[in-house]
Amino acid sequence: MTGDRYFGAAVLAITGFYLYGASTIPTGFLPDPVGSRTFPYILGGLGFLCGFLILLRPDDPPVWPSSSIVLKLALAAAIMYGFAETLQPLGFILPSAVTTALLSYLIAPNILHSLIAGGGLSVGLYVILKHGLGLGLSAFWF
Amino acid sequence: MELLANLSQGFAVALTWSTLILAISGCFAGTIIGSLPGLGPSNGVAILIPLAFSLSLDATEALVLMTSVYYGAMYGGRISSILLNIPGDEPALMTTLDGYPMARQGRAGDALVLSGVASFVGALLATIGLMILAPILARIAYLFGPAEYFALYMLAFCTLGGLSSRNQIKAGLAAIIGLAIAMIGLDNTTGLPRLTFGSLHLMDGVDFLVAIVGLFAVAEIFIYMESHGRESAIGVKLERITIPFREIGNSAVTMLRSTLIGFIAGVLPGAGASLGSFLAYMAEKSLSRDKETFGTGNPRGVAAPEAGNNAAAGGALVPMLTLGVPGSGTTAVLLALLVTLNITPGPLLFEERPEVVWGLVASLLIANFVLLIMNVPLVKLFVRILSVPPWILLPGITMVAFGGIYSLSGSSYDLVLMLLFGLFGYLCRKLDVPTVPIILGILLGNHMEDSLRRAMVISDGDWTYLFTSPISIVLWLAAIGGFVAPMFLRNLLRTPPRVED
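Caption draft 1: Fine view of the overall build of chain A. Of regular secondary structure, chain A possesses 5 helices and 0 strands. Of the regular secondary structure in chain A, the N- to C-terminal order runs α-α-α-α-α. Here the C-alpha atoms of chain A give a radius of gyration of 23 Å, more than 25% beyond the 14 Å that 2.2 N^0.38 yields for 142 residues. Along the longest, intermediate and shortest principal axes, the C-alpha atoms of chain A span 60 × 45 × 20 Å. Of all intrachain contacts in chain A linking residues separated by at least 6 positions in sequence, the fraction that spans at least 24 positions is 61%. As displayed, chain A has an accessible area near 7600 Å², and 74% of this comes from carbon and sulfur atoms. Averaging the positions of the 5 positive and the 5 negative side-chain charges in chain A gives two centres separated by 5 Å.

Caption draft 2: Focus on the interface of chain A and chain B. Counting from both sides, the interface comprises 65 residues of chain A and, opposite them, 61 residues of chain B. Together chain A and chain B conceal approximately 5500 Å² of surface at their shared face, both sides included; 81% is due to carbon and sulfur atoms. Counting across the chain A and chain B interface gives 2 salt bridges. Put simply, Lys-170 of chain B and Asp-4 of chain A hold a salt bridge, and the shortest N to O gap is 2.8 Å. At the boundary of chain A and chain B, one finds 12 residue pairs in polar contact (both at pLDDT 80 or more). Those elements that place two or more of their residues in the side of chain A that touches chain B are helix H1 (2–23), helix H2 (38–56), helix H3 (67–90), helix H4 (93–107) and helix H5 (111–132) of chain A. Among the elements that line the side of chain A that touches chain B, the one with the most residues is H3 of chain A, at 12 residues. Within the side of chain A that touches chain B, the residues separate by chemical class into 43 nonpolar, 17 polar and 5 charged.

Caption draft 3: Summary view of unusual backbone geometry. Residue and element names in this part refer to chain B. Backbone geometry places Leu-195, a non-glycine residue, at a positive phi of 55 degrees. Structurally, Leu-195 can be placed in the loop between strand S2 (193–194) and helix H8 (200–203). Taking the relative accessible area as the measure of exposure, Leu-195 reaches 6% and is therefore buried.

Caption draft 4: Representation of a nonpolar patch on the surface. Residues and elements named next belong to chain B. A surface patch of nonpolar side chains, about 670 Å² in accessible area, is lined by Leu-3, Leu-125, Ile-128, Ile-132, Ile-136, Ile-140, Leu-143 and Leu-256. By secondary structure assignment, the location of Ile-128 is in helix H5 (residues 93–141). On the basis of relative accessibility, which here comes to 31%, the residue Ile-128 falls in the partly exposed class.

Caption draft 5: Just the pattern of salt bridges, in detail. Residues and elements named next belong to chain B. One pass over the full model with this rule turns up 12 salt bridges over all chains. For the salt bridge of Asp-187 with Arg-194, the shortest nitrogen-to-oxygen distance reads 3.9 Å. With respect to burial, Asp-187 and Arg-194 carry one shared label: buried. Salt-bridge contacts for Glu-355 lead to Arg-353; the nearest nitrogen and oxygen are separated by 3.0 Å. The network of salt bridges with shared partners includes Asp-187, Arg-194, Glu-449 and Arg-453.

Caption draft 6: Fine view of helix H16 (residues 354–375) of chain B. When the terminal C-alpha atoms of H16 of chain B are compared, their 31 Å separation across 22 residues agrees well with the 32 Å that a helix rising 1.5 Å per residue should span. For H16 of chain B, a buried count of 18 out of 22 residues is recorded, marking the element as mostly surrounded by other parts of the structure.

Caption draft 7: Looking closely at helix H6 (residues 146–160) of chain B. With 15 residues, H6 of chain B should reach 21 Å at 1.5 Å per residue; the first-to-last C-alpha distance of 21 Å fits that figure. Of all 15 residues in H6 of chain B, 14 are buried; the element is thus mostly enclosed.

Reading the values: rules and limits
Residues numbered from 1 in each chain as written. Chains lettered and ligands numbered in written order. Predicted model: local features only at pLDDT ≥ 70, side-chain atom pairs only at ≥ 80, totals over all residues. Heavy atoms only, no water. Helix = DSSP H or I, 4+ residues; strand = E, 2+ residues; numbered from the N terminus. Rg over C-alpha atoms; globule rule 2.2 N^0.38 Å. Contact = heavy atoms within 4.5 Å. Areas by Shrake-Rupley, 256 points an atom, 1.4 Å probe, with all protein chains shown as cover. Lys, Arg positive; Asp, Glu negative; His and termini not counted. Charge placed at Lys NZ, Arg CZ, Asp CG, Glu CD. Buried area = accessible area lost by both parts, 1.4 Å probe. Salt bridge = Lys/Arg side-chain N within 4 Å of Asp/Glu carboxyl O. Polar contact = N/O pair within 3.5 Å; in protein donor to acceptor, adjacent residues only side chain to side chain. Nonpolar A, V, L, I, M, F, W, Y, C, P; charged D, E, K, R; others polar. Buried < 20%, exposed > 50% of the residue type's maximum accessible area, 1.4 Å probe, protein only. Patch = residues over 30% accessible without salt bridge, like charges linked within 9 Å, V, L, I, M, F, W, Y side chains within 5 Å. Expected span 1.5 Å × (residues − 1).

Printed below as a string of structure tokens:
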């Protein structure tokens, strides 16, 4: 129940914001019986209704992971965010070596394994993606 | 006769070296993807799409590669179901019911060969079915105007979430979320920005590839990280592999029946392979004289779901190619590929680009034979892949997903957006909100709105125009029925419990 109470409330808030956003859509110049706002209004309205119904009749709460696993998932997301932000300035190899090593350590805490994963995956995947498949990646920042 | 002419044209395309190599490597990659737990057809195809672009393949080649991966993943999904009691992908869930008990009785090899043959029968006959049914449906699709298309999109959204969620409201909400995201960006008709809140990044809209890889692949990584360690199974050793001729013979009728059921389930919008394998298994169980042996290692309980899900995979291609409305998660991803390649599926595809359609059909026929070889004599090779440890697999998948999307857009903005979609997809999975309708909504949202607007221009704003033609009335009724029916059927369609260790 806890899960769906928050979820329903979030849906109501977001669809409310969405409806506000839809109301600010400028009108086009061409004659059009439907216009730019109608469809977003319908979607926002239906979404609002769904949020309301979810609040009224929440499902059984999902099995949330333990706090240590939540922490692990949050760390994984943070590591991926770091990768997303550093890939462009630093090139593929260095950020991916760090990212894969950290993710690997997060999954199985073994320093040797994580070093193998970091070194092997970063160089190996760079060669495969860049030279095997021709992806537009640069190796380093220079 | 027309069929033979078309087919020979198709084989002319499929039998070139480049296409053959693509089909074979697609089958190989697909079987690996299918057999790895946590990577199914939809997310496997999703992370490979950026790679298909970087190879700068033309439309036929890209489609051949991706559908071979799709078929391969449907074959490969059974391997970990049978050996580890972990379904390699969602449709392979039913295969665990009898496959794993068979493996524990020391008949793992038999189960793998039997299910491989069943997959072959299902997929091959479904490809032939696709060949016959698709041109007929394409001819009917000529009668579709904007009002009919709008009704068809309604049908797809009403049925797609149906059986994948236990809560119909959430299934509906998922479609609305997808459609609402599709509205972001420049309005197709007026060219003015909508719902961008002044952000330049949002002017282009949300790239559906970013959403797909995020919702499918990245979310799957989080799910896997969470469940890893909790879901542990005792692996079964695979000894020598022999061909169990007697059991294959005994289940021949089962395979044919399951193929028919699976194919129909695949063609219906919104049902897809999971339903195909489920219905095939349940039908076989209820028809059988020895019902109680199902779930304890009955070979027919292995053959039925595998023939069913592979047939459904072929069937799901029919509405995707002829109407541009995918019937399952993976075909939605394939549609995304086609749209990005600037190909509009639909009746015109059969007229204007016959080489794409028939080249694809011919390649799928070839791919089936390749897959039979890979999945029966060479199955040991893929069994070994199951032992790739997660500490190397998951970081690897992450890198391929990020690297692929980065190579398409070159911006870290899209990577962050993909990560957000991944976290959102994780939450959706937890809250029982199906993600396939979200993808489909993002993909079809603008088409759906355009057909509504066009219909209204034709009728000069008269909303009853949407319900005037017989085709649209049938589609609307099917949509309403498809949305309401699962609420009552849900208790009937419950998956039998998996075997515990």
